[in-house]
Amino acid sequence: MPMAAAGAQSSRGNSSVRKGGLPPGLAPRRLAARILRRVVCAGQMLDDALASEARGFEPLSPRDRALTEQIVRTALRHRGQIEAAVSRFLRRKLPKKATLTRALLLAAGAQILFLRVPAHAAISTAVAIARQDREGRPMAGMVNAVLRRLAAARDDLLPKLDPLQLNIPDWLRMNWIRHWGEKTARAMAEALLVEPALDVTVKNPAMSAAWAERLEGLLLPTGTVRVARTTGPVSSLPGFAEGKWWVQDAAAALPVKLMGDVAGKRVLDLCAAPGGKTAQLAAAGARVTAVDVSERRLARLHENLARLDLSAEVVVADMLDWQPDAPADLVLLDAPCTATGTARRHPEVLWLKTPAQMQALIDLQWQMLERAAGFVRTGGLLVYCVCAMQPEEGEAQVARFLEMHAEFVRVPVQAAEVGGQAHFLTPEGDVRTLPPMSIGASRHLDGFYIARLQRQSD
């Protein structure tokens, strides 16, 4: 961000700061700025940043905890818009070391522009936080002046802040427009601004309707239960502690559904952590082996299986080096990807990924797909999926694979297998979901690509 012009209004004129004291609401906003600094300036994933600042949440009330997360997620979803708006009132770039100041402007900008927090509250707390910090103290007057000008211009600015042009990095926006067209790309950018509902998969599918009623949610046609966002922790909802369900986006639940009746079959779940698909397979009676290279991420899979009272063989290994003792009936490869399809929940991924990283992931996906093909018995199925919205990571990979592997054929997905949602299907018979899509009477889900392939011969 550029820096404010010399002669900007001093923070001494901020009457919102209580005389002789600090403005209310300081603690949650200070914590939000710290988290944003980790994500925006240090390049951490949001979940990692939240974990790093976990102790900061402990003294906060439930209301302040919710405010902290709301500020952070809003700032990240609207990051490009906020930075563009703030830049209108700045002339020079902030020094690289001014990371707190950058985070404060982003956090306060989110409150002023999109959360409709009273401007004086957002400004006074930002100024107070700057004054308390050695790095921020010289910038306090600039922070005050910029935010006051931003608040005054809010209504004129908002219509000019195009979410597609500003919130989606150039390389990614151009990719989406090239593949999906500008209208769909714009709808994608707008859908990423919507706070996602809580989607859950019920352990016993026959009880999904009952749990939808108990959780005051909606049973989607694909079997997922969609629950309106609550302010409390997910773990406080009925049925969580008892292991009756787990959190899983409606799109993420589709790959296992395309495997059909898995009861008694040997299934390999490759790149399995954090384990939602492993849980689906185990709950359906599969003899599942879950493989992942990350021991840390597999710890969460173990926790989920224990809570759900489900069992699976769990292997810590790089699947490129690992070899099963025998070919499997079914192999699921949820390959590492740019994860842009999850940006409703993880908006930081849009800014943390680069074209070079995408190419590296494409290369890795290809190696994994080639390797996974060798794990499938004759007549068995290989399901390949990615939560990315770039066809280079999905459609193009499978097209190339089928060209080079005559022993595999595509098994087209039927609309009935995805709850009658025919608009999820590609002309080739694969599944492609995008965030703005409808799903039954609801709207929005993660971006996913899924292909089902069968080995015809050795």
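Worth saying up front: this structure is predicted, and the values here are computed from it rather than measured.

(A) View of the packing of aromatic side chains. A full pass over the atoms with the stated rule returns four aromatic pairs. Measuring from ring centre to ring centre gives 5.7 Å for tryptophan 322 and phenylalanine 375, while their planes differ by 85 degrees; the resulting arrangement is edge-to-face. Of the two residues, tryptophan 322 sits in the loop between strand S9 (313–316) and strand S10 (328–334) while phenylalanine 375 sits in the loop between helix H17 (355–373) and strand S11 (376–386), which places them 53 residues apart along the sequence. Judged by relative accessible area, which is 16%, tryptophan 322 ranks as buried. Overall, phenylalanine 375 belongs to the buried group, its relative accessible area being 2%. Of the aromatic side chains, those joined through ring pairs into one cluster are Trp366, Phe401 and Phe408. Positioned over the ring face of tryptophan 351 is arginine 79, at 4.5 Å from the centre of the ring. Directly above the aromatic system of phenylalanine 240 lies the positively charged group of arginine 307, at a separation of 3.8 Å from the ring centroid.

(B) Fine view of the packing of helix H4 (residues 62–77) against helix H6 (residues 99–115). Where H4 meets H6, the closest approach of the two axes is 9 Å, and the angle between their N-to-C directions is 85 degrees. Classified by the angle between their axes, H4 and H6 sit roughly perpendicular to one another. Contact residues: H4 offers Gln70, Ile71, Thr74 and Ala75, while H6 offers Leu106, Ala107, Ala110, Gln111, Phe114 and Leu115.

(C) The environment of arginine 377, seen in detail. Mapped onto the elements, arginine 377 comes out in strand S11. For arginine 377, a relative accessible area of 35% puts it in the partly exposed group. Sequence separation between arginine 377 and serine 457 is 80 residues, and the spatial gap between their C-alpha atoms is 8.6 Å.

(D) Here's a closer look at the pairing of strand S3 (residues 198–202). When you tally the buried positions in S3, you get five out of five residues, the bulk of the element. Every second residue of S3 is oriented toward a common face, with Leu198, Val200 and Val202 on one face and Asp199 and Thr201 on the other, all of them buried. For S3 and strand S5 (residues 225–227), the ladder comprises three bridges, and the chain directions are antiparallel. Within S5, the residue paired with valine 200 across the bridge is valine 225. With three bridges joining them, S3 and strand S6 (residues 245–247) adopt antiparallel strand pairing. Note that in S6 the partner of valine 200 across the bridge is valine 247.

(E) Spotlight on the pairing of S9. With four bridges joining them, strand S8 (residues 287–292) and S9 adopt parallel strand pairing. Each bridged residue has a counterpart across the sheet, and for threonine 289 the counterpart in S9 is glutamate 313. In this fold, S8 hands off to helix H15 (residues 295–308), which returns the chain to S9; that crossover is right-handed.

Thresholds, definitions, all that
Residues numbered from 1 in each chain as written. Predicted model: local features only at pLDDT ≥ 70, side-chain atom pairs only at ≥ 80, totals over all residues. Heavy atoms only, no water. Phe/Tyr/Trp six-rings, centres within 6.5 Å; stacked < 30°, edge-to-face > 60°. Helix = DSSP H or I, 4+ residues; strand = E, 2+ residues; numbered from the N terminus. Buried < 20%, exposed > 50% of the residue type's maximum accessible area, 1.4 Å probe, protein only. Lys NZ or Arg CZ within 6 Å of the ring centre and 35° of its normal. Axes fitted to C-alpha atoms, helices over the stretch in contact; angles between N-to-C directions. Parallel < 35°, antiparallel > 145°, perpendicular 65-115°, else oblique. Contact = heavy atoms within 4.5 Å. Pairing = 2+ DSSP bridges. Right-handed = clockwise from strand over helix to strand, strands pointing away.

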